[in-house]
Amino acid sequence: MTDNVTNLNQITKLDIPAERVLQAALDAELTDVVIIGYDLDGNEYFASSMADGGNALWLLERAKLELLRTVDYEAE
């Protein structure tokens, strides 16, 4: 991270560079991760630190639930 950037834990309507999101994840010292995205050619990318696909899917579904709840946070 650069010294002149402050990360805020806020919901935003602006895209954030992938590098910044990935660095924040590294800084959070996570124990398990699932990464999904697109490469420069528009191809889907998927990687998981968990060998069990069911656990990876569970984490994705929990994240989906949180994403769906952001609508409620914005309405408050």
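Look up a bit, the structure's there.
### Details of the pairing of strand β2 (residues 44-48)
At step 1: Taken together, the five bridges between strand β1 (residues 34-38) and β2 define a ladder with antiparallel strand orientation. The residue bridging isoleucine 35 from the neighbouring strand is alanine 47, located in β2.
At step 2: Linking two consecutive strands that pair antiparallel, namely β1 and β2, is a turn of five residues; a positive phi of about 85° is found at glycine 42 within it.

### Side note on the pattern of salt bridges
At step 1: Tallied over the entire structure, the rule returns two salt bridges.
At step 2: Glutamate 61 is paired through a salt bridge with lysine 64; the nearest N and O atoms lie 3.4 Å apart. Highlighted residues: glutamate 61 and lysine 64, both in helix α2 (residues 53-75), separated by three residues, approximately one helical turn.
At step 3: Judged by its relative accessible area of 38%, glutamate 61 falls in the partly exposed class.

### As for unusual backbone geometry
At step 1: Located in the positive-phi region is glutamate 29, a residue other than glycine, with phi close to 50°.
At step 2: Note that glutamate 29 resides in the loop between α1 (18-27) and β1.
At step 3: Assessed through its relative accessible area of 68%, glutamate 29 is described here as exposed.

Reading the values: the criteria
Residues take numbers from 1 onward in each chain, read along the sequence in its written order. Per-residue local features of the predicted model are confined to residues with pLDDT of at least 70, and side-chain atom pairs are confined, for both listing and counting, to 80 or more; whole-chain, interface and lining totals are unaffected and use all residues. Each side-chain value is worked out from all heavy atoms of the structure, with water and hydrogens disregarded. For two strands to count as paired, DSSP must find a minimum of two bridges between them. Helical segments are the DSSP runs of H or I of at least four residues, strand segments are the runs of E of at least two, and each set is numbered from the N terminus. Between Lys or Arg on one side and Asp or Glu on the other, a salt bridge is scored when a side-chain nitrogen of the former is within 4 Å of a carboxyl oxygen of the latter. Partly exposed residues are those whose accessible area sits between 20% and 50% of the maximum for their type, while under 20% is buried and over 50% is exposed, using a 1.4 Å probe and protein chains only.

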